[in-house]
Amino acid sequence: MSGSDRRPDRISDGPDTLHAEFDWNAVSPSVAVVQTVAIAAEQEAIELSPLIETLDPDALDQLFVHSAEPDSAVSLSFQLGEYAVTVTGTGDVYVRTGSVHL
């Protein structure tokens, strides 16, 4: 997890935001989302509602397959239970309590 802000285009971390950084070549975005939400919820990943009830994990992974570059502008925000999740092409996963404001 990281609280640093090395890239100016990143979503700012806040007291109600959990931020994790991943290498999309090592961890799939769908797994990263489940792991990060589980940490935010203070639960085991197996205790969470399945990601597929919100979105297609394979589609999420495919979206970021070719965007794992330092300057990638690809991002996706969605609601997962009570958590607002943002995934970026640069390997960031942000999990916030509350609704997504698009």
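Let us look at the structure shown here. Note that the structure is predicted; figures quoted are calculated from it, not measured.

A closer look at the packing of helix α1 (residues 29–41) against helix α2 (residues 57–65)
Between α1 and α2, whose axes approach to 7 Å, the crossing angle comes to 115°. When the axis of α1 is compared with that of α2, the two are roughly perpendicular. Judged by residue contacts, P29, S30 and V33 of α1 engage P57, L60, D61 and F64 from α2. Among the residues making up the contact of α1 with α2, the classes are represented as 5 nonpolar, 1 polar and 1 charged.

Observations regarding the packing of aromatic side chains
In this structure the tally under the stated criterion is 2 aromatic pairs. Here the aromatic rings of F22 and W24 are separated by 6.0 Å at their centres, their planes lie at 5°, and the arrangement is stacked. Classification of F22 as buried rests on a relative accessible area of 18%. A relative accessible area of 11% means that W24 is categorised as buried. Ring geometry for W24 versus F64: centroids 6.2 Å apart, planes at 45°, classification tilted. Here W24 is found in the loop between β1 (17–21) and α1, whereas its partner F64 is found in helix α2, with 40 residues between them in sequence. Members of the aromatic cluster, connected to one another through ring pairs, are F22, W24 and F64.

Brief notes about α2
Turning to α2, its buried residues are P57, L60, D61 and F64. With its buried residues spanning 95° around the axis, α2 presents them on a single face. In α2, the exposed residues that point more than 90 degrees away from the buried face are D58 and Q62. Residues of α2 that are buried in the fold lie against α1, β2 (75–80) and β3 (83–88). The N-capping residue of α2, defined by a side-chain oxygen 2.8 Å from the backbone nitrogen of D58, is D56.

Remarks on the nonpolar core
Counting residues in each nonpolar core, the largest one holds 21 residues, and the members touching the most others are V33, V37, F78, V85 and V93. Listing elements by their share of this core, those giving two or more residues are β1, α1, α2, β2, β3 and β4 (92–97). The element best represented in this core is α1, accounting for 5 residues. Dropping the residues within four chain positions of it, V33 is found in contact with L51, L60, F78, L80, V85, V87 and V93.

Points about the side chain of T86
Along the chain, the position of T86 falls in strand β3. In this structure the side chain of T86 is engaged in a polar contact, spanning 2.9 Å, whose partner is the side chain of S77. Side chain to side chain, T86 and R96 meet in a polar contact 3.4 Å long.

Conventions we followed
- Residues numbered from 1 in each chain as written.
- Predicted model: local features only at pLDDT ≥ 70, side-chain atom pairs only at ≥ 80, totals over all residues.
- Heavy atoms only, no water.
- Axes fitted to C-alpha atoms, helices over the stretch in contact; angles between N-to-C directions.
- Helix = DSSP H or I, 4+ residues; strand = E, 2+ residues; numbered from the N terminus.
- Parallel < 35°, antiparallel > 145°, perpendicular 65-115°, else oblique.
- Contact = heavy atoms within 4.5 Å.
- Nonpolar A, V, L, I, M, F, W, Y, C, P; charged D, E, K, R; others polar.
- Phe/Tyr/Trp six-rings, centres within 6.5 Å; stacked < 30°, edge-to-face > 60°.
- Buried < 20%, exposed > 50% of the residue type's maximum accessible area, 1.4 Å probe, protein only.
- Arc of directions from axis to C-beta.
- Polar contact = N/O pair within 3.5 Å; in protein donor to acceptor, adjacent residues only side chain to side chain.
- Core = buried A, V, L, I, M, F, W, Y, C linked by side-chain atoms within 4.5 Å.

By themselves, these observations are geometric and do not establish any function.
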